[in-house]
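# Structural features, examined
Listed here are the chains, written in short residue letters.
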Amino acid sequence: MSRWGTPVIDFHCHFPGAEPTQDRLDAEYEHVCGPAKLERLRRNAGAYHERVRRARTLPPTRPETRTAEEVAAAWRHEADEVGLTRVVFMSGGGNDRLAQVVAAHPGRFVGFANHQPCAPGAAAELRRSATELGLSGYKVIAPWVSVPLADRALWPVWEVCEEYGLPVMLHFGPVNGGGGLGHAPNMDPLALHDVAKAFPGVDFVVAHFGCGYPGELLRLGWANANVHVDSSSNHEWTRWMPYELTLKDLFRRFHETFGPERILFGTDSCDFPWGYIRQYADEQIRILDELNLSPGDRELILAGNAVRLLGLDLPEISTTRQEAA
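From a predicted model like this one, the values you see are computed outputs, not experimental measurements.

Before going further, it helps to spend a moment on the overall build of the chain. A count of helices and strands for the chain gives 11 helices and eight strands. Whereas a compact globule of 325 residues would reach a radius of gyration of roughly 20 Å, the chain reaches 19 Å, a difference of no more than 12%. Viewed in the frame of its principal axes, the chain has a C-alpha envelope of about 60 × 45 × 45 Å. Here the chain holds 325 residues, and the buried ones make up 52% of them. Carbon together with sulfur atoms contributes 52% to the accessible area of the chain, which is approximately 14200 Å² in total.

As structure tokens, this is what we get:
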């Protein structure tokens, strides 16, 4: 049992060595501003990141020098210590690398493929990830996709998700925190609208309560019953909204509109020495308690929905509201 007295699956973590965020910043802006100004951008972004870290009382990150096997063992220790039923990694330094990590800890880790849907051979790589590597879903950073998500050029990727029952996690909104990417195509979750309509059998999960676009995500979910939401991240973005918005407000509103069947718990934990960011998990579970949700609703959010979307064989965890109530 977990430290919170109930089964918990964290549906949104990253194995260290995730998306090359700094490389992405370089690729996007070096040709615009030149190398000298790009270095200034890096310093500005780093200073803001440090400010957020201090506000969240997290220790500074450090370069990871351990092998993937050693880091996996450290992550396994973290998961065991807090009693997580499963940890779902959205990325991990490439599909092959993450698949090896998951294969070494099959009873505790789940992995998602993470590559650009507009890259040559993206559909074939996703099929390989599902059939040969044993990965269980697909993660997309939508603002990094250079064509509209509904472009027919991406249809083969969504068709693979449909064929193999792969849930799709999408990040919309700003990328990399303050100083990062604040404007790009596919920034708004409504960019997914026509894809979700065309593939109603695919479960799409929008990360971080919409990350700056909660209203748009609510409308997307109103129009598409196959759109879900996860609760992960530090929710720094709420401070930049033009109205008061708390994490408790988000849980309440999405519970009222999406229902408990379409909310998945996550923290966005990744690097060491942070390890598993328990304060994020503690805060979310405290809020669920304060909202006085039924035991069944609470179980769906914390584990049951993840079991259903991933097709896990965990009969002790209910995956329907009727069974849990």
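There is more to say, and it comes next.
Looking at the secondary structure, you find phenylalanine 258 in the loop between helix 8 (247–257) and strand 8 (263–264). Accessibility expressed as a relative area gives 5% for phenylalanine 258, which makes it buried. Spatially, the C-alpha atom of phenylalanine 258 lies 17 Å from that of glycine 201, the residues being 57 residues apart in sequence. Once you skip the residues sitting within four places of it in the chain, phenylalanine 258 turns out to touch Leu217, Leu218, Gly221, Val227, His228 and Val229.

This part is about the pattern of salt bridges. Across all of its chains, the model carries 16 salt bridges by this definition. The salt bridge involving lysine 248 is made with glutamate 290; its shortest N-O contact spans 3.3 Å. Highlighted residues: lysine 248 in helix 8 and glutamate 290 in helix 9 (residues 278–290), separated in sequence by 42 residues. Residue lysine 248 is classed as partly exposed on the basis of its relative accessible area, which comes to 26%. Classification of glutamate 290 as partly exposed rests on a relative accessible area of 37%.

Another aspect to go through is helix 4 (residues 122–131). Taken as a whole, helix 4 has its buried residues at Ala122, Ala123, Leu126 and Ser129. Along the axis of helix 4, the buried positions cluster into a sector of 120°, meaning they face one direction only. Against helix 3 (95–104), strand 4 (138–141) and helix 5 (155–164) lie the buried residues of helix 4.

Here the focus is the nonpolar core. The nonpolar side chains of a soluble globular protein tend to be buried with one another. Trp75, Leu149, Trp158 and Phe204 are the most contacted members of the largest nonpolar core, which has 74 residues in total. It is helix 2 (residues 68–82) that provides the largest number of residues to this core, a total of seven residues. Here tryptophan 75 is in contact with Cys13, His14, Phe15, Pro16, Val87, Phe89, Phe109, Ser269, Cys270, Phe272 and Tyr276, once residues within four sequence places are set aside. Residues Ile9, Val110, Val205 and Leu264 belong to the second largest nonpolar core, which totals 17 residues.

Close contact between helix 7 (residues 214–223) and helix 8 brings their axes to 11 Å; oriented N to C, the two are set at 15°. In this view, helix 7 runs roughly parallel relative to helix 8, as classed from their interaxial angle. In terms of crossing hand, the pair formed by helix 7 and helix 8 is right-handed. Counted together, Pro214, Leu217 and Leu218 of helix 7 and Leu250, Arg253, Phe254 and Thr257 of helix 8 form the full contact between these two elements. The residue makeup of the contact of helix 7 with helix 8, split by class, is five nonpolar, one polar and one charged.

Here we have five strands laid out as an open sheet, ordered 4-5-6-7-8, and parallel in their pairing. Since the sheet does not close on itself, it has two edges, and those belong to strand 4 and strand 8, each with one partner. Contacts from helix 7 reach strand 6 (204–206) and strand 7 (227–230), with the element oriented near 145° to strand 7.

So, about the packing of aromatic side chains. A complete count under the given rule lists 11 aromatic pairs for this structure. Ring plane angle 75° and centroid distance 6.2 Å describe the contact between tryptophan 75 and tyrosine 276, whose orientation is recorded as edge-to-face. Residue tryptophan 75 is found in helix 2, and its partner tyrosine 276 is found in the loop between strand 8 and helix 9; the two are separated by 201 residues along the sequence. Classification of tyrosine 276 as buried rests on a relative accessible area of 2%. A ring pair is formed by phenylalanine 254 and phenylalanine 258, whose centres lie 5.0 Å apart and whose planes are at 70°; its orientation type is edge-to-face. In this structure, phenylalanine 254 and phenylalanine 258 share a single accessibility class: buried.

Conventions adopted
- Residues numbered from 1 in each chain as written.
- Predicted model: local features only at pLDDT ≥ 70, side-chain atom pairs only at ≥ 80, totals over all residues.
- Heavy atoms only, no water.
- Helix = DSSP H or I, 4+ residues; strand = E, 2+ residues; numbered from the N terminus.
- Rg over C-alpha atoms; globule rule 2.2 N^0.38 Å.
- Buried < 20%, exposed > 50% of the residue type's maximum accessible area, 1.4 Å probe, protein only.
- Areas by Shrake-Rupley, 256 points an atom, 1.4 Å probe, with all protein chains shown as cover.
- Contact = heavy atoms within 4.5 Å.
- Salt bridge = Lys/Arg side-chain N within 4 Å of Asp/Glu carboxyl O.
- Arc of directions from axis to C-beta.
- Core = buried A, V, L, I, M, F, W, Y, C linked by side-chain atoms within 4.5 Å.
- Axes fitted to C-alpha atoms, helices over the stretch in contact; angles between N-to-C directions.
- Parallel < 35°, antiparallel > 145°, perpendicular 65-115°, else oblique.
- Left-handed = near helix turned anticlockwise from the far one by under 90°.
- Nonpolar A, V, L, I, M, F, W, Y, C, P; charged D, E, K, R; others polar.
- Pairing = 2+ DSSP bridges.
- Phe/Tyr/Trp six-rings, centres within 6.5 Å; stacked < 30°, edge-to-face > 60°.

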